[in-house]
Amino acid sequence: MEASSNSSNLASSVAQAIAVSLDWSSTPDARKAAVAFLESIKTGDVRSLANTAFLLVKKDWSSEIRLHAFKMLQHLVRLRWEELNPTEHRNFANVTVDLMSDIANPSEEWALKSQTAALVAEIVRSEGVDLWQELLPTLVSLSAKGPIQAELVSMMLRWLPEDITVHNEDLEADRRRLLLRGLTQSLPEILPLLYNLLERHFGAALSEAGKQQVDLAKQHASAVTSTLNAINAYSEWAPLPDLAKYGIIHGCGFLLSSPDFRLHACEFFKLVSPRKRHIDTSTPEFDSAMSTVFHILMNASKDFLYSSGVNAGVIDESNIEFVEYLCESMVSLGSTNLQCIVGDSTTLPLYLQQMLGFFQHRKLVLHFQSLHFWLALMRDLMSKPKAAAHLSGDGSDQADNDKQKILSFMNDDICSALLDVSFQRMLKREKVLHGTSFSLGSLELWSDDVESKGTFGQYRSKLLELIKFVTSYKPVIAGAKVSERIDTIIKNLLLSPMPAQDIAVMESMQLALENVVSTIFDGSNEIGGGRSEVQLGLCRIFEGLLQQLLSLNWTEPALVEVLGHYLDAMGPFLNYFPDAAGSVINKLFELLNSLPFAVKDPSTSSARYARLQICTSFIRIAKTADKSILPHMKGIADTMAYLQKEGRLLRGEHNLLGEAFLVMASAAGFQQQQEVLAWLLEPLSQQWTQIEWQNNYLSEPLGLVRLCLETPTMWSVFHCITFFEKALKRSGTRKTHLSSQNNTTASSTPLHPMASHLSWMLPPLPKLLRAIHSLWSPSVSQTLPGEIKAAMTMSDVEQYSLLGEGNPKLSKGTSTSTTGPLVTMSKEGYTEPNESDIRNWMKGIRDSGYNVLGLATTVGDSFYKCLDSHSVALALVENIQSMEFRHIRPLVHSVLIPLVKNCPVDLWEVWLEKLLHPLFLHSLQALSCSWSSLLHEGRAKVPDVHAILAGTDLKVEVMEEKLLRDLTREVCSLLSVIASPQLNTGLPSLDHSGQVSRVDLSSLKDIDAFASSSMVGFILKHQGLALPALQICLEAFTWTDGEAMTKVSSFCGALVVLAIFTNSMELQQFVSKDLFSAIIQGLALESNAFISADLVGHCRDIYIYLCDRHPAPRQVLLSLPCIKQHDLLAFEEALTKTASPKEQKQYMKSLLLLATGNKLKALVAQKSVNIITNVSTKPRNTVNAAETRVDEGDAIGLAAIL
C-alpha cells in the first residue's frame, strides 16, 4: 500500500510539474523548476519513470498531461530500453498493447490515439523481430473489434515502417535490417489485413452514411484514411508483386472514384509509379503489377480528360488537386516503367494520347507536369545508343526494340500537337496587352505569379528542348508547323489596326523558329547537301518563309526589331540556300535605313534600340551563315562606307557591323582577317593615337572630369576601346599553351592577326585606366563635382546582381539607359551626359580596358614590347588601396591572371613583382579586416559600402558579403594559377607509391634554383611577394569559404613540395609548423568538407617527408587536446606497415579526429551514413536545374555587351 501511495504521490507531483511547465501564466522561475524536476524524473530510476508515466496516461488526467506522459514513455523506449530486463520488456509491451484497447473510445482525442500507436511502434523496433511476431496476432484480433480499433492498428502499422525507413537515424543499421526483414516476412499477414480493413470499413462507411448514422460513418471513414496512410508507408519498399497479389493496388484503384478518399489513394500511386524493377524481382510479375497500375490510372485519367474535353474551358476547381496528383503519377509511371506496356499495342498508344491530353490541357499545372514526361521520352528516343551498349548483348537490343516500338506510335499527329502546344506556350501572360486582338481564350499561360516551378526562362528552355527533339525526329512536320504558325501570325498583324501592340505573339515565336532552323540545318544531319524529297521539301518550306519575311515592309521600331531577329534566326538555312544571303543582307540594311537616325530623346527611343538590334543581327547571321556570306563582304563594306560618309551610321552601330565583319573574316582565312582588321582599325588609330586628347584629358585626374563634359570625345574613346576588345576576341586569339613560359621573348609565338596593331593600340590605355582609378583616391575624390561623385556609386543593376535578384524590371526604353554600355550607343553625341551615363561609361571603359590588356597578353610577346611594366603598374595598382572590391576583382580576373599565365619567364622579374606586390599587400590587409568583421561581428565591412546608396541593412549586408567572397575567390584563383603545373614545370613530383621514403638531403637545392622553372619558387625567392602571399594562404584557412579553400589548396601543395626538395629552413619552418597548424584549423570548418581529402593529403605529405627534418609536425599533433603520446606512436607504426597512400591518408584522418575529439567538422561531415540497402527510395518534388542555352559559344553583339 505504501509503495502504491508513493507512486500516486510521485505521479501527482509529475502531473503538477507538467501543468506548470505548460502554463505560460506561471512565473519563469516556476517553469524552470518544473522542467528541471521533469528532467530529473526522465534521467532517474527507469522503473520509477515507467510506473509514473503509465499512471499518467490514464483517463483520469488531462489530455496535455497524458500526451506528455506518452512522450516520457517513448523517451524511455528509445533511449533507456536496455536498462530493463527481458521480462520487463514483455510486461511493458503487454501493458502498452492493452492501452491501445483502452484508448479505443470515440471520446478520445486523435493525438492520444496516435501517440499510443507510436509507442507500440517504438517498442517493436527496439525489441526486434521476435516481439513483432508475437504481437501480430494480437493486433490482427484487435483490429477486428471495431472502426476505432482498426484505426489504431493501422496507425501503428503506419508508424513502424515510416520510422525505420525515414525518421529514425539513431537506429543501428543491423537492427534496422533485422526489423525490416521481419516486416518483409510478415507482409503476407500485414497486406491482407490492410486490404480487409480497407474493404470492410469503406463499405461500412457507405452503409452507415446511407442510414444517416453520421458519427459511425465518420469512425469508419477515419479507419479507411488511417489504413490508406499505412498502405502508403509500405508502398515505397514492399515488393510490387505483393502489393498486387494481396489486392492493395486494386483496392486503392477502386478508391480513386471516391471523392472522400481519392487523394490518399492517389498518394499511393504517386509512390508506386516511379518504382523500378529490382534485380531479384520476377520480371513478368513486376511488369504485370505495373501494367495494372497503368490501367487503373489511365481509367481515372480517361474520365477526367473526357469530361474536360466535353466541357472545354470548364473544370471543377475542387478536382484540380486530385487531377494534379493523377497527372504526376502518370508522368512518373511513363518516365520509369513504360517498358511494362511497350509490347501492348492497345495500351501504349492510349497512354500516349492521354499524356498528350494533359500536355494540351488549358490548366498550366497539368501541362507543366506532362512536359517533364514528353521531354524525358523524346530525349531518350532521340539519344544515340552508346557503342558499349551494343556489346552488352540482349539488354541493349531489347532497349532498341522498345524504342522502335514507341517511335512507331509517335505519329505525325502527336508530333504536330506537341509542337502546336509548345509554340502557343512560348508566350508569357504579362506580354499580352489588354485590349489587343490576340485572345487567350481559357488557356492559362505562364505568369510571374507561378510559384515553385522555377522561372519562365527555365520553363521556356524545356519547351525549346522538346521542340528540338521533335524537330530532329520529324523535321518536315516541324518546318511546316513553324512556317504555318508564323504565316498566321504575320497575316493577323497585317490586319491589326495596331500591329506594334500585337507583336508579343510574334516575338514569342522567334526562339522557336531559331530552334527549328538550327536543328534542321546544323550540319550534323543529312538535310543539307542532298537532293532527296525530304531535303527538297524542307528547302521549299523555308525558302517560302524567307521570301515572306523579306516581303514585309514594316517601319515601326518594334516590328523592325522582331523582323531582324527572324531574319537572323534563318542564318543556318542560308548555308543551304546561299542565293538568298544577298537578299537578307539588303533587307537588313533596308530595315536599318527605315528607322530614324536622329531623335530628340534617345534615352527612350525604341527606334535607336531597334537600329542596334538590326546591327546585331548582322553578327548573328555572320556566325550562323558561315561562308555563304563571304561573297557579300565587299557589298557590306561599301554600304557601311556610304552610310558613314552620309552621316547616317552612328559609331556604336559601325562597331557592331565591324564586329560582324570580323566574324566573317574569321571564316575567310588569315590574310582576309588582316585586311579586314587594317580596314576597320586604321580610322580608329588616327583618332586614338592623337597626342592632343591624351594631354588634355589624361595628364592629370581632373582632366577626366573635362572629358566627361565633352560628349563626342567621351563616346569616341569608349567606342575605340570596346572595338579593340571585339577585335582581339573575334580575330582568332590563340590562347598559347602555358608551356611556352619556358621560352624567352626572343622566341616568338605564332603570328597573330592583331600583333601588328598592339604597338599603337595599347600605350594610351594604361593612362586612361590610371586616370579612372585615381578618381577613388581620397585626395582626388574630395575635389570632384557632385555628378561625378554620384556616378561612382553602384548602379541598381549591380546591386540586384549582388542580391541574386536578377535585373530590375524596366521598360525597353529605360533599360537602354541603365544596362551599361548600351546607353552609349543610344545617346552618343546628342545629349549632355548625366550621372547614369557617366557611371556606365566608366564601367564600360574599366571592363573593356581590362579585357583588352588581358587579351593582349595572349598575343605572343607583342604586349611586353609595346608597354613599359612601370607604366602598367602605375595604371593598375598605384591606387589599389583606394579601389573597391567590385573593381579589384575584375582587375585580377581580366588582367593579372592572364598576364601571370602568359608572361615569358625571362620577364617575370620585370613584370610580376611590380604588379603582384601591391596587390598581395592590399589584399591581405583588406580581406583580413573584412573577414574578421564578418566572422566576429556578423557583417563584412567592405569599402564598397560607400557606393551603396539605398537598401535595407539586411540587403546591404548581403551585398557586402557577396563582394567579399567574390574578391576572396579571385585572389585565391590567382594563387591557384601561380601554382598551376604549366607554370611550375621544374617542380619535382612527390613519390606517391606509398612507401615512406626519405629525400636524400644531399640532393636538396637552394630555393633560387627553382625561381626560373617554378612560379611558386619565383614568388618565394622575392620576400616582398612571399610574405603577404603566404599570410593570405594561412588566413584563408580561417575563412568560411569552401570555394576559395579549393583554390588555395593547390598553392599549399606546391609549398609542401618546395619545402621537401629545398634546403630553405624558413620554408620548412613555415610548412611544418604554420601551414600544418593552419590546415588542421581549416578542417574544423564544415565549409571545407568538399576539399577535406586534399587537405588531409597535405597533412600526410608534411608529416611523412618533414617530421624527421623538423620537430614541428610532431609538436603540432601533440599540442592537440585529445592526443596521447602512444596514439602518435601507434600512428607512426601504422604508416610504416602500409604502402597505400590512401590508407596512409585514412590513418592521418583518423588520428586528426581522435586528437581533436571529433571536432574537425570538415571530416565529420564526410562520414558515411548507414543506408538500408534493400529499400528503394525516390527523391520527391525534385526540380530540374536551370537549362542553358543551346548556343554555348561566345556571346555576340549586344549579348556580349550586356
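Going by the structure above, here's the rest.
Quantities reported herein were computed from a predicted structural model and do not represent experimental measurements.

Draft legend 1. Main features of the packing of helix 5 (residues 86-103) against helix 6 (residues 110-127). The interhelical angle for the contact between helix 5 and helix 6, taken along N-to-C directions, is 155 degrees, at an axis separation of 10 Å. The pairing of helix 5 with helix 6 is recorded here as roughly antiparallel in orientation. Helix 6 is crossed by helix 5, and the crossing has left-handed handedness. From helix 5, His89, Arg90, Phe92, Ala93, Thr96, Leu99, Met100 and Ile103 reach across to helix 6, where they touch Leu112, Lys113, Thr116, Leu119, Val120, Ile123 and Glu127. Of the residues in the contact of helix 5 with helix 6, the class split is 9 nonpolar, 3 polar and 3 charged.

Draft legend 2. Molecular detail of the packing of helix 39 (residues 796-803) against helix 47 (residues 953-978). With their axes 9 Å apart at the nearest point, helix 39 and helix 47 run at an angle of 80 degrees to one another. Here helix 39 lies roughly perpendicular to helix 47, going by the angle between them. Across from Gln799, Leu802 and Leu803 in helix 39, the residues of helix 47 making contact are Lys955, Val958, Met959, Lys962 and Leu963. Classifying every residue of the contact of helix 39 with helix 47 by side-chain character gives 5 nonpolar, 1 polar and 2 charged.

Draft legend 3. The side chain of Asn337, seen in detail. Secondary-structure assignment places Asn337 in helix 15 (residues 320-337). In terms of polar contacts, Asn337 uses its side chain to reach the backbone carbonyl oxygen of Ser273, at 2.9 Å. Ignoring sequence-local partners within four residues, the contact set of Asn337 consists of Ser273, Pro274, Arg275, Lys276, Phe286, Met290, Phe294 and Ser332.

Draft legend 4. Main features of the packing of aromatic side chains. Considering all chains together, one arrives at 31 aromatic pairs under this definition. With a centroid separation of 5.4 Å and 40 degrees between ring planes, the pair formed by Tyr234 and Trp237 is classed as tilted. For the pair formed by Tyr234 and Trp237, the shared burial category is buried. For the pair Trp931 and Trp1039, a centre-to-centre distance of 5.8 Å together with 10 degrees between the ring planes defines the contact as stacked. Here Trp1039 lies in the loop between helix 49 (1023-1036) and helix 50 (1042-1061) and Trp931 lies in helix 46 (residues 908-937), a separation of 108 residues in the sequence.

Draft legend 5. Structural detail: unusual backbone geometry. One non-glycine residue with positive phi stands out, namely Gln212, at about 65 degrees. Topologically, Gln212 is positioned in the loop between helix 9 (173-210) and helix 10 (214-235). Take Gln212: its relative accessible area is 62%, and that puts it in the exposed class. Despite not being glycine, Asp626 shows a phi value in the positive range, around 55 degrees. Examined against the element boundaries, Asp626 turns out to sit in the loop between helix 28 (606-624) and helix 29 (633-645).

Draft legend 6. The arrangement of the side chain of Glu798 in detail. Locating Glu798 in the fold gives a position in helix 39. Judged by its relative accessible area of 19%, Glu798 is buried. Within the local environment of Glu798, its side chain forms a polar contact with the backbone nitrogen of Ser795, the two atoms lying 3.2 Å apart. For Glu798, the residues in contact, after removing those within four places along its chain, are Lys843 and Arg886.

Draft legend 7. Here's a closer look at helix 31 (residues 670-688). Compared with the 27 Å implied by 1.5 Å per residue over 19 residues, the 25 Å span of helix 31 between its first and last C-alpha is a close match. Considering bend angle alone, the principal kink of helix 31 is centred on Leu681 and spans about 40 degrees; proline Pro683 follows within four residues of it. Within helix 31, the full set of buried residues consists of Gln673, Val676, Leu677, Leu680, Leu681, Leu684, Ser685 and Trp688. Structurally, helix 31 contributes buried residues whose contacts are with helix 29, helix 30 (651-666), helix 32 (691-698), helix 34 (711-730), helix 35 (758-761) and helix 36 (764-774).

Draft legend 8. Geometry of the pattern of salt bridges. The full count for this structure, using the stated rule, is 42 salt bridges. Among the ionic pairs, Lys843 bridges to Asp847, the shortest N-O distance being 2.7 Å. Here Asp847 and Lys843 lie together in helix 42 (residues 835-856), a separation of 4 residues that amounts to about one turn. Taking the relative accessible area as the measure of exposure, Lys843 reaches 35% and is therefore partly exposed. Notably, a salt bridge pairs Arg1114 with Asp1108, separated by 3.8 Å at the nearest N-O pair. A single salt-bridge network, built from bridges that share partners, covers Glu961, Arg965, Arg969, Asp1041 and Glu1043.

Draft legend 9. Structural detail: helix 3 (residues 46-56). Looking only at helix 3, the buried set comprises Val46, Leu49, Ala50, Thr52, Ala53, Phe54 and Leu56. For helix 3, the N-terminal cap is Asp45; the gap from its side-chain oxygen to the backbone nitrogen of Arg47 is 3.2 Å.

What counts as what
Residues numbered from 1 in each chain as written. Predicted model: local features only at pLDDT ≥ 70, side-chain atom pairs only at ≥ 80, totals over all residues. Heavy atoms only, no water. Axes fitted to C-alpha atoms, helices over the stretch in contact; angles between N-to-C directions. Helix = DSSP H or I, 4+ residues; strand = E, 2+ residues; numbered from the N terminus. Parallel < 35°, antiparallel > 145°, perpendicular 65-115°, else oblique. Left-handed = near helix turned anticlockwise from the far one by under 90°. Contact = heavy atoms within 4.5 Å. Nonpolar A, V, L, I, M, F, W, Y, C, P; charged D, E, K, R; others polar. Polar contact = N/O pair within 3.5 Å; in protein donor to acceptor, adjacent residues only side chain to side chain. Phe/Tyr/Trp six-rings, centres within 6.5 Å; stacked < 30°, edge-to-face > 60°. Buried < 20%, exposed > 50% of the residue type's maximum accessible area, 1.4 Å probe, protein only. Expected span 1.5 Å × (residues − 1). Bend = angle between axes of the 7 residues up to and from the residue. Salt bridge = Lys/Arg side-chain N within 4 Å of Asp/Glu carboxyl O.

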